[in-house]
Amino acid sequence: MDEKESKSSIHQIEGALSRLSEVTLKQAFPSWEELSTRSLKYPDLYEPIKKSNAQGFSNVTKVWFGASLLAAASLSVVFLLSEYTKFTPESSLASSAVGSETIVQEKPAPLVGKVAYSKGDISLQKDGTTESTSIAKNQEIGIESGDLLIVGKNGILDIVFPNRTWLRISANSQVKILSSQSFSFSSQQTIEVHSGKVLIIADKLKKNASLSVLSGDVETQLRGTTFSVAYDGKGRNLVAVRDGAVSVKSKNANEPSVIEAGYQLAVVLDEPSVPAKLLPKEDKELKALQTQATLTGEADLFKQYARLELVRMEDGREYRGVILGQSETHLQIEMIDGVLEIPIGQVLETEKIR
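Everything numeric here is computed off the predicted structure, so don't read it as measured data.

> Looking at this structure, I do not really get the overall build of the protein chain. What am I missing?
From N to C terminus, the protein chain includes 5 helices and 26 strands. A total of 354 residues make up the protein chain; the buried ones form 29% of that total. In the protein chain, 44% of the contacts between residues at least 6 apart in sequence involve partners at least 24 apart. Accessible surface for the protein chain amounts to roughly 23700 Å². Of this, 55% is attributable to carbon and sulfur atoms.

So, in structure tokens, the structure goes:
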């Protein structure tokens with residue numbers, strides 16, 4: 001189509017659009033004289049606009065004026081926020097300025113444990129008191145920072161914390177929970193053995209989390225393991241590890257000793273010996289604790305879901321827990337140590353065990 005034909009087509013379309021439709025032509029519209037005599041149906045919508053006494057500004061002035069208002073508002077907000085943080089002691093956050101950056105420090109919350117199992121003569125001494133309270137068998141009581149636990153002859157006490165740390169205090173032991181606190185994504189715990197023995201199962205700790213055991217001048221730190229610390233109260237320590245690894249640091253040692261799974265280390269008067277193979281007695285105690293923790297965790301899962309299942313893999317591995325569901329590629333199962341996704345193609349069979 002050339003330019004002349006294009007102009008002709010445009011004129012035809014414009015002419016068609018300029019003609020009124022038949023429906024419009026059949027309508028009877030009132031004249032202006034008739035409309036001017038009618039009363040307003042919604043008079044409130046037609047109130048006259050009051051003349052403003054505001055002074056007008058040029059475009060450039062408007063830009064500078066708006067920027068000034070925005071800057072003033074920003075400074076006001078910053079000032080109010082800083083004053084609120086400064087004068088609000090109930091706030092859970094404490095801020096400190098470093099150069100041009102602001103570091104926000106989160107205040108910890110108490111990480112309170114509960115008694116999972118108890119037997120024998122056991123007493124609890126709260127922080128700041130000298131009176132001891134007896135703990136009855138399987139009594140519901142919270143264990144928190146500052147608590148001193150005294151387990152007598154033939155006694156045993158199991159404590160479970162919300163971060164899934166399991167603490168067993170053996171007979172003839174005095175153990176103090178120096179600190180037990182939690183943050184949004186981590187936890188920090190310090191346990192002091194005055195005398196006796198503790199066995200601990202702990203999940204792999206998250207970033208910035210810590211769990212330490214103090215016994216005399218020896219500190220044992222872990223990142224997720226099953227281990228025990230025995231201390232006679234006179235300078236002899238024995239640290240035994242069944243799973244994972246721990247770091248043992250004595251007061252006079254330049255570097256900590258790392259104890260791997262299947263080994264134990266004796267520290268006498270702050271002098272560590274050479275790691276030795278884990279003795280059957282220590283291994284048996286730690287295995288018993290693992291079994292107890294597993295049975296308790298599975299009982300909690302069964303109480304919640306009213307079922308317990310076993311998933312066998314082609315490579316021989318087994319997972320015990322509750323199957324929550326599956327996607328096209330993975331099976332989701334909740335176990336005592338969290339939720340795990342398993343590739344369906346590697347699953348040999350599933351079985352209901354309870």
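> How should the nonpolar core be read in this particular structure?
Generally speaking, a soluble globular protein has its nonpolar side chains buried in company with each other. Counting residues in hydrophobic clusters, the biggest one holds 36 residues, and the most contacted among them are Leu149, Leu167 and Ile169. When residues in this core are grouped by element, the largest group, 4 residues, is from strand S12 (residues 187-201). If we ignore the near neighbours within four places in the chain, the residues touching leucine 149 are Ser123, Leu124, Ile135, Ile143, Leu157, Ile159, Ile169, Ser173, Gln174, Val175 and Ile177. Grouped together as the second largest cluster of nonpolar side chains are 9 residues, Met313, Leu331, Ile333 and Val347 included.

> What is the right way to look at the pattern of salt bridges in this model?
A pair can form between side chains of opposite charge whenever their charged atoms are brought close. Across all of its chains, the model carries 14 salt bridges by this definition. The residue aspartate 147 makes a salt bridge to lysine 126 at a minimum N-O spacing of 3.1 Å. You can see aspartate 147 sitting in the loop between strand S7 (142-143) and strand S8 (148-151) and its partner lysine 126 sitting in the loop between strand S5 (122-125) and strand S6 (133-134), a full 21 residues away along the chain. Judged by its relative accessible area of 1%, aspartate 147 is buried. Given the relative accessible area of 31%, lysine 126 is considered partly exposed. Among the charged side chains, a salt-bridge network with shared partners connects Lys197, Lys281, Glu282 and Glu285.

> Whenever I open this one, the side chain of serine 182 confuses me. Can you help?
With respect to the element layout, serine 182 can be found in strand S11 (residues 173-182). On the basis of relative accessibility, which here comes to 18%, the residue serine 182 falls in the buried class. In contact with serine 182, other than residues within four places in its own chain, are Pro108, Ala109, Pro110, Leu111 and Ser187.

> Would you take a moment to explain the sheet that holds strand S26 (residues 347-352) for this structure?
Neighbouring strands of a sheet are bound in pairs by backbone hydrogen bonds; such pairs are parallel or else antiparallel. Ordered in space as S25-S24-S23-S22-S26, the 5 strands form an open sheet in which the pairing is antiparallel. On the outer flanks of this sheet lie strand S25 (338-343) and S26, each paired with one strand and no other. Going across the sheet, the axis of each strand differs from the next one's by a mean of 45°, ignoring polarity. Pairing of strand S22 (residues 309-313) with S26 involves 5 bridges; the strand directions are antiparallel.

> When you look at the confidence of the model for the protein chain in this model, what are you seeing that I'm missing?
For any part of a model where pLDDT is low, the fine detail of the predicted coordinates should not be relied upon. Averaged over all residues, the pLDDT of the protein chain equals 80, while 72% of them reach at least 70. pLDDT under 50 marks residues 77-103. Its contacts with residues more than four places away, or in other chains, come to 19 contacts.

> What is the right way to read the layout of surface pockets from this model?
The rolling of a water-molecule-sized probe over the atoms marks out the regions of remaining empty space. The space that makes up the largest pocket amounts to roughly 790 Å³. Together, 28 residues line the largest pocket, and Arg164, Ala293, Gly297, Ile336 and Asp337 are the ones closest to its centre. Elements that contribute at least two residues to the lining of the largest pocket include exactly strand S4 (113-119), helix H5 (280-305), strand S23 (318-326) and strand S24 (330-335). At 8 residues, H5 tops the list of elements feeding residues into the lining of the largest pocket. Broken down by class, the residue content of the lining of the largest pocket amounts to 12 nonpolar, 6 polar and 10 charged. When its volume is computed, the second largest pocket comes out at roughly 290 Å³. Taken together, 15 residues make up the lining of the second largest pocket; nearest its centre are Asn163, Phe185, Ser186, Ser187 and Lys206. Its residues placed into classes, the lining of the second largest pocket shows 6 nonpolar, 5 polar and 4 charged.

> Is there a simple way to explain the pairing of S5 in this structure?
One face of the sheet, then the other: side chains in a regular strand alternate in exactly this way. Side chains Ile122 and Leu124 project from S5 onto one buried face, and the interleaved Ser123 and Gln125 project onto a second face that is buried too. Pairing between S5 and S8: 4 bridges, direction antiparallel. Opposite serine 123, over in S8, you have isoleucine 150 as the bridge partner.

> How do you make sense of unusual backbone geometry when you look at a structure like this?
Glycine aside, residues mostly have negative phi, and peptide bonds are mostly found in the trans state. Even without being a glycine, asparagine 154 presents a positive backbone phi close to 60°. Counting through the fold element by element, asparagine 154 comes out in the loop between S8 and strand S9 (156-160). Relative accessible area serves as the criterion here: at 57%, asparagine 154 is assigned to the exposed category.

> It is not clear to me how the pairing of S11 should be interpreted in this structure. Could you clarify?
Pairing between strand S3 (residues 109-110) and S11: 2 bridges, direction antiparallel. Bridging from a neighbouring strand, proline 110 pairs with glutamine 181 of S11. By the bridge criterion, 4 bridges tie S8 to S11 in an arrangement that is antiparallel. Following the sheet pairing, leucine 149 is matched in S11 by valine 175. Note that S11 and S12 share 8 bridges and pair antiparallel.

Cut-off values and rules
Residues numbered from 1 in each chain as written. Predicted model: local features only at pLDDT ≥ 70, side-chain atom pairs only at ≥ 80, totals over all residues. Heavy atoms only, no water. Helix = DSSP H or I, 4+ residues; strand = E, 2+ residues; numbered from the N terminus. Buried < 20%, exposed > 50% of the residue type's maximum accessible area, 1.4 Å probe, protein only. Contact = heavy atoms within 4.5 Å. Areas by Shrake-Rupley, 256 points an atom, 1.4 Å probe, with all protein chains shown as cover. Core = buried A, V, L, I, M, F, W, Y, C linked by side-chain atoms within 4.5 Å. Salt bridge = Lys/Arg side-chain N within 4 Å of Asp/Glu carboxyl O. Pairing = 2+ DSSP bridges. Axes fitted to C-alpha atoms, helices over the stretch in contact; angles between N-to-C directions. pLDDT = per-residue confidence, 0-100. 1 Å grid on protein atoms, 1.4 Å probe; cavity = no way out; pocket = protein on both sides within 12 Å on 5 of 7 lines; lining within 4 Å. Points joined across faces, edges and corners; volume = space filled by probe spheres on them. Nonpolar A, V, L, I, M, F, W, Y, C, P; charged D, E, K, R; others polar.

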